[in-house]
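This is what each chain is made of:
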Number of protein chains: 2
Amino acid sequence: LGVVKGYMGFTGVMGHEFVGRVLHGPADWKARRVVCEINCVCGRCERCTSGLSNHCPNRTVIGIDGHPGCFAEQIAVPVRNLHAVPDPVPDEQAVFVEPLAAAIQITRQVDIGRADRVVVLGAGRLGQLVARVLKHSTDDLLLVGRHEMKLQAAEKQGIRTAGSEQFSPNRDADVVVDATGSAEGFATAMQAVRPRGTIVLKSTVALGTEINLAPLVVDEITVVGSRCGPFPDALGMLAAGEVDPAALISRVMPLSGGPAVLDQARDPENLKVLVDVRR
Amino acid sequence: LGVVKGYMGFTGVMGHEFVGRVLHGPADWKARRVVCEINCVCGRCERCTSGLSNHCPNRTVIGIDGHPGCFAEQIAVPVRNLHAVPDPVPDEQAVFVEPLAAAIQITRQVDIGRADRVVVLGAGRLGQLVARVLKHSTDDLLLVGRHEMKLQAAEKQGIRTAGSEQFSPNRDADVVVDATGSAEGFATAMQAVRPRGTIVLKSTVALGTEINLAPLVVDEITVVGSRCGPFPDALGMLAAGEVDPAALISRVMPLSGGPAVLDQARDPENLKVLVDVRR
């Protein structure tokens with residue numbers, strides 16, 4: 001939806017979260033069920049050789065920046081981007097590996113203890129996954145969202161929730177994750193986080209907004225930008241049954257349905273809408 | 001100067017960096033030469049008892065928020081805020097303990113290695129101290145400022161410098177410290193820091209500005225707000241001769257000179273202007 005709004009000025013085939021089967025490729029990959037990292041990197045520059053390949057300045061990004069996406073019957077991708085999906089993980093789980101990895105990335109960047117008060121702002125697709133992952137790190141988790149149906153989906157997984165209207169930020173959260181995708185998310189996060197606390201930014205808020213950064217200094221807040229994450233860890237969590245993202249699937253639509261898929265994805269009543277490219 | 005512009009809406013006696021001698025107080029402090037922490041805290045609230053007393057919600061701040069400042073012949077302060085100044089540290093050094101501690105705080109919040117590329121934006125009072133402190137942490141330090149005279153002061157201490165016009169941010173710094181006190185500082189810091197790098201915010205930029213936070217997420221930048229620091233460490237660095245802030249003193253003026261002191265402090269040709277309250 002962000003790409004449709006103009007994010008990265010992308011034109012072409014959209015879609016960057018997918019599971020598929022290798023049709024053509026090296027013998028050892030042939031016919032294997034795979035998921036695929038979205039950054040297609042050069043492998044030669046300073047960033048690539050220093051462990052920051054996700055930030056390769058020569059990279060293209062599948063379905064987002066300079067590389068055709070997965071809303072298609074077939075897609076060509078670099079072999080090194082592939083990860084084999086373990087047999088016990090069904091397609092409906094594997095298709096979540098990319099955003100699940102992005103959620104897991106938070107635990108790589110921020111040290112979260114069992115007693116830490118963690119607030120996740122935004123109960124949409126990403127916020128749901130973030131809450132499901134962080135539930136394994138802390139005993140004091142709260143997911144804040146606007147839509148009752150989405151909050152109920154989280155409650156069913158044992159996640160404590162609050163409606164945006166009921167939530168009164170009180171500068172007492174150790175960690176606040178902004179997964180709202182809205183400009184107000186950051187302002188709310190600033191009100192919710194305690195002094196010396198951490199705000200994790202997961203929203204690529206494309207529009208500039210009026211932000212007073214003085215409180216960051218006065219309260220010594222740390223803001224951590226967080227994007228892509230480790231695919232192997234995400235596959236591991238799925239294989240171990242530690243998260244069940246399949247419950248987030250609101251509907252599966254055929255690729256032949258065209259832009260109607262986007263209309264469904266825009267509907268706040270829907271969480272995840274999958275595209276079946278075989279139909 | 002920030003307070004004069006309206007920071008914190010403070011009215012009263014200004015000034016929060018000082019060295020003095022105890023006139024009235026407990027016997028063991030009598031006549032001792034002291035410096036003084038600026039946060040006057042309650043000592044009883046949850047923040048105080050959990051090691052975050054600098055963020056006590058009931059605090060007053062000397063010369064900044066609810067507590068008279070040091071531009072006076074005498075000042076009353078909590079005993080627990082005092083630190084004795086070691087004999088070998090002269091007044092002209094000791095008066096820098098508060099901002100020097102604030103500079104040292106960066107090394108407490110961010111892990112800086114000898115090979116890390118560190119850029120300090122702003123060659124004013126705080127930027128100068130930050131550069132002098134971080135020189136001890138990294139071999140690759142650059143101080144960026146606007147005034148030739150200020151850059152020369154840093155060069156004399158073996159600090160590499162660049163004029164703001166000559167400096168071309170190249171997204172390759174591991175750590176960027178924004179000590180500019182200007183709204184543009186943060187924008188420059190975003191251009192200078194590498195992906196997964198760290199921006200330390202030392203400016204309490206009081207005005208909201210149009211800031212696009214998307215690059216923070218895309219490049220996975222960490223922003224660390226940083227304010228007050230450890231007085232004992234600052235006194236230790238001074239006693240060991242590891243920093244020499246006295247060279248930053250442009251002039252010493254009598255308290256009886258009144259607001260002319262502020263005019264001198266505003267003059268970009270001046271670095272530190274001291275007030276001698278005995279005159």
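What counts and how
Residues numbered from 1 in each chain as written. Chains lettered and ligands numbered in written order. Predicted model: local features only at pLDDT ≥ 70, side-chain atom pairs only at ≥ 80, totals over all residues. Heavy atoms only, no water. Helix = DSSP H or I, 4+ residues; strand = E, 2+ residues; numbered from the N terminus. Expected span 1.5 Å × (residues − 1). Buried < 20%, exposed > 50% of the residue type's maximum accessible area, 1.4 Å probe, protein only. Least-squares fit on C-alpha atoms with pLDDT ≥ 70 in both. Contact = heavy atoms within 4.5 Å. Pairing = 2+ DSSP bridges. Axes fitted to C-alpha atoms, helices over the stretch in contact; angles between N-to-C directions. Phe/Tyr/Trp six-rings, centres within 6.5 Å; stacked < 30°, edge-to-face > 60°. Lys NZ or Arg CZ within 6 Å of the ring centre and 35° of its normal. Buried area = accessible area lost by both parts, 1.4 Å probe. Salt bridge = Lys/Arg side-chain N within 4 Å of Asp/Glu carboxyl O. Polar contact = N/O pair within 3.5 Å; in protein donor to acceptor, adjacent residues only side chain to side chain. Nonpolar A, V, L, I, M, F, W, Y, C, P; charged D, E, K, R; others polar. Right-handed = clockwise from strand over helix to strand, strands pointing away.

Residues and elements named next belong to chain B. Across its 13 residues, helix α3 (residues 97-109) extends 18 Å between first and last C-alpha, which sits within 8% of the 18 Å expected from 1.5 Å per residue. With ten of 13 residues buried, α3 is to be regarded as a mostly interior element. Every buried residue of α3 is accounted for by Val97, Glu98, Pro99, Leu100, Ala101, Ala102, Ala103, Ile104, Gln105 and Ile106.

Let's shift gears to the relation of the copies chain B and chain A. Least-squares fitting of chain B to chain A yields an RMSD of 0.0 Å, with the transformation described by 0.0 Å of translation along the axis and a rotation of 180°. Taken together, these values place the two copies in the relation of a two-fold axis. Taken together, the interface assignments show that 100% of the residues at the interface of chain B recur at the interface of chain A, consistent with an identical surface on both copies.

This paragraph deals with the sheet that holds strand β9 (residues 161-163) of chain A. Strand order across the open sheet formed by twelve strands is β9(A)-β8(A)-β7(A)-β10(A)-β11(A)-β13(A)-β13(B)-β11(B)-β10(B)-β7(B)-β8(B)-β9(B), with mixed pairing between neighbours. The sheet is open, and its two borders are formed by β9 of chain A together with β9 (161-163) of chain B, each paired with just one other strand. Here the strands of the sheet are splayed against their neighbours by 20° on average, with no regard to which way each runs.

Moving on to the packing of aromatic side chains. This model, assessed by the stated rule, comprises zero aromatic pairs over all chains. Directly above the aromatic system of Trp29 of chain A lies the positively charged group of Arg32 of chain A, at a separation of 5.3 Å from the ring centroid.

On to the interface of chain B and chain A, then. Listed as interface residues are 38 residues of chain B and, on the opposing side, 38 residues of chain A. Regarding the contact of chain B and chain A, the summed buried area is about 3300 Å², with carbon and sulfur atoms giving 55% of it. The largest per-residue losses of area from chain B upon contact with chain A belong to Val217, Val218 and Glu220 of chain B, which jointly make up 17% of the total buried on that side. Here chain B is connected to chain A by zero salt bridges. Between chain B and chain A we count eleven residue pairs in polar contact (both at pLDDT 80 or more) in total. Listed by contribution, the elements that provide at least two residues to the side of chain B that touches chain A are α3, β11 (193-201), β12 (209-211), α7 (214-218) and β13 (222-225) of chain B. Of the residues in the side of chain B that touches chain A, the class split is 17 nonpolar, eleven polar and ten charged. Judged from the three bridges that link them, strand β13 (residues 222-225) of chain A and β13 of chain B form a sheet pairing that is antiparallel. Directly across from Val223 of chain A, in β13 of chain B, lies its bridge partner Val223 of chain B.

All names here are of chain B. Alignment of strand β14 (residues 249-254) against strand β15 (residues 272-276), held across five bridges, turns out to be parallel. Opposite Val252, over in β15, you have Leu274 as the bridge partner. With helix α9 (residues 260-266) bridging β14 and its parallel neighbour β15, the resulting β-α-β unit is right-handed.

We now examine the sheet that holds strand β3 (residues 39-40) of chain A. All names here are of chain A. What the three strands build is an open sheet, ordered β3-β4-β5; its pairing is mixed. Lying at the two open borders of the sheet, with one neighbouring strand each, are β3 and β5 (66-67). As defined by bridge partners, strand β4 (residues 60-62) adjoins β5 across two bridges and the pair is classed as parallel. Across the sheet, the residue bridging to Ile62 is His67, located in β5.

With that out of the way, let us pick up unusual backbone geometry. One non-glycine residue, Arg196 of chain A, lies in the positive phi region at around 65°. Here Arg196 of chain A lies in strand β11 (residues 193-201).

What follows covers the pattern of salt bridges. Evaluation of the coordinates by the stated rule reveals 26 salt bridges over all chains. Note that Asp233 of chain B is salt-bridged to Arg108 of chain B, the shortest N-O span being 3.0 Å. You can see Asp233 of chain B sitting in helix α8 (residues 231-239) and its partner Arg108 of chain B sitting in helix α3, a full 125 residues away along the chain. Using a relative accessible area of 30% as the deciding quantity, one classes Asp233 of chain B as partly exposed. Asp140 of chain B is paired through a salt bridge with Arg160 of chain B; the nearest N and O atoms lie 3.2 Å apart. With Asp140 of chain B in strand β8 (residues 140-145) and Arg160 of chain B in the loop between α5 (148-155) and β9, this residue pair connects regions lying 20 residues apart in the sequence. The structure contains a network of salt bridges with shared partners spanning Arg117, Asp140, Arg160 and Asp172 of chain A.

That's the geometry; what it means functionally is another story.
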